Amino acid sequence: MRIHRLKLENIASLKGAHEINFEDIYQESNLFAITGQTGSGKSTILNCISLALYGEIYKKDSSSQDFVTLGQAQASIELTFSFESNKYRSLWQMRVKRKNGDILKKPQLIRTLFQINHESDLAIDKSVEEIIHLTFNQFCKTTILNQGEFSRFLTSKFID
């Protein structure tokens, strides 16, 4: 899997619209690191990727609605990625307030996966797991390593 672009709006402490164009980064090197001081948003970027792909986050004590910036009515994540020769766009949107500002009793979540074609994007009824052949758990173990998990990853058995 190759990630091309991540767009997010009102996610956690990242209020407003933000975009990371990984294609620009890949022009420098195929290997890069997400670095920064504590609280700078490194984990938020990884959570955005997992929310867009799987609708789940690796921090078990949080829910997806916790990622809507405090005071904002809604948030969104758009992830463009490819696998093999196909390109996809995953859209995650969460609304926690009505237009009048009242808090919704049940937040509204919309997740849509599109296959990008030359003419248009086509909504598809496939899971990301079917496309990239990784379960959410496998994705977390191989892609998102929490602090302190790296040494466990290095010493784990192949089956794990």
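Every residue gets a number counted from 1 within its own chain, in the order that chain's sequence is written. Local features in a predicted model are, by the rule used here, given only for residues with pLDDT of at least 70; side-chain atom pairs are given and counted only at 80 or more, and totals for whole chains, interfaces and linings are based on all residues. Heavy atoms throughout the structure, all of them, feed into the side-chain values; hydrogens and water do not.

### Considerations on the packing of aromatic side chains
Stacked, tilted and edge-to-face are the three classes applied to pairs of Phe, Tyr and Trp rings, where Trp contributes its six-membered ring and a pair requires centres within 6.5 Å; stacked means planes under 30 degrees apart, edge-to-face means over 60, and tilted covers the rest. On inspection of all chains with the given rule, the structure shows 4 aromatic pairs. Note on Phe 22 and Tyr 26: the rings are 6.5 Å apart at their centroids and 35 degrees apart in plane angle, and the pair reads as tilted. With a gap of 4 residues between them, Phe 22 and Tyr 26 both fall in helix α1 (residues 22–28), about one helical turn apart. Neither residue differs from the other here; Phe 22 and Tyr 26 are each classed as buried. Residues Phe 81 and Tyr 88 carry aromatic rings whose centres are separated by 5.4 Å and whose planes lie at 25 degrees to one another, so their mutual orientation is stacked. Helix and strand assignments come from DSSP, with helices taken as H or I runs of at least 4 residues and strands as E runs of at least 2, each series counted from the N terminus. Burial classes: relative accessible area under 20% of the type maximum marks a residue as buried, over 50% as exposed, and values in between as partly exposed (1.4 Å probe, protein chains only).

### A look at the nonpolar core
Residue types Ala, Val, Leu, Ile, Met, Phe, Trp, Tyr and Cys, when buried and joined through side-chain atoms within 4.5 Å, form a set referred to as a nonpolar core. Formed by 34 residues in total, the largest nonpolar core has its most connected members in Leu 6, Ile 11, Ile 49, Leu 53, Ile 77, Leu 79 and Phe 81. Secondary-structure elements contributing two or more residues to this core are β1 (2–11), α1, α2 (42–54), β3 (74–83), β4 (86–97), α3 (128–132) and α4 (136–142). Element by element, the count of residues in this core is highest for α2, at 7 residues.

### Points about the pairing of strand β2 (residues 14–21)
The side chains of a regular strand alternate between both faces of the sheet. Think of it this way: DSSP has to see at least two bridges between two strands before they count as a pair. Strand direction decides the pairing type here: β1 and β2, joined by 6 bridges, are antiparallel. When the bridges of β2 are listed, Arg 5 appears paired with Asn 21. Linking β1 back to β2 in an antiparallel pair, the connection comprises 2 residues, with Ala 12 at a positive phi of about 50 degrees.

### Thoughts on the confidence of the model for the protein
Keep in mind that low pLDDT regions are not for reading the predicted coordinates in detail. pLDDT gives the predictor's per-residue confidence on a scale running from 0 to 100. Of the residues in the protein, 92% have a pLDDT of 70 or more, and the chain-wide mean is 87. Mean pLDDT values for the elements of the protein range from 68 in helix α5 (residues 150–155) up to 96 in β3.

### A look at the sheet that holds β2
Within the open sheet, the 6 strands sit side by side as β2-β1-β3-β4-β5-β6. Their pairing is antiparallel. Only two strands of the sheet have a single neighbouring strand rather than two, namely β2 and β6 (121–123). For this sheet, the mean inter-axis angle between neighbouring strands, taken without regard to orientation, is 15 degrees. Where β3 meets β4, 10 bridges bridge the pair, whose relative direction is antiparallel. Bridge pairing links Ser 82 to Lys 87 in β4. To obtain an axis, a line is fitted to C-alpha atoms, over the contacting stretch when the element is a helix, and the angle between two such axes runs from 0 to 180 degrees between their N-to-C directions.

### A look at α2
How far a helix is expected to stretch is found by multiplying one less than its residue total by 1.5 Å. For α2, spanning 13 residues, the distance from its first C-alpha to its last is 19 Å, which sits close to the expected 18 Å at 1.5 Å a residue. α2 sits mainly inside the fold: 10 of its 13 residues count as buried. Every buried residue belonging to α2 is among Thr 44, Ile 45, Asn 47, Cys 48, Ile 49, Ser 50, Leu 51, Ala 52, Leu 53 and Tyr 54, and all of these are buried. Gly 55 lies just past α2 and shows a positive phi near 75 degrees.

### Focus: the side chain of Thr 44
Mapped onto the elements of the fold, Thr 44 is located in helix α2. Assessed through its relative accessible area of 12%, Thr 44 is described here as buried. Two residues form a contact once any of their heavy atoms are found within 4.5 Å. Apart from the residues within four sequence positions on either side, Thr 44 is in contact with Ile 11, Ala 12 and Leu 14.

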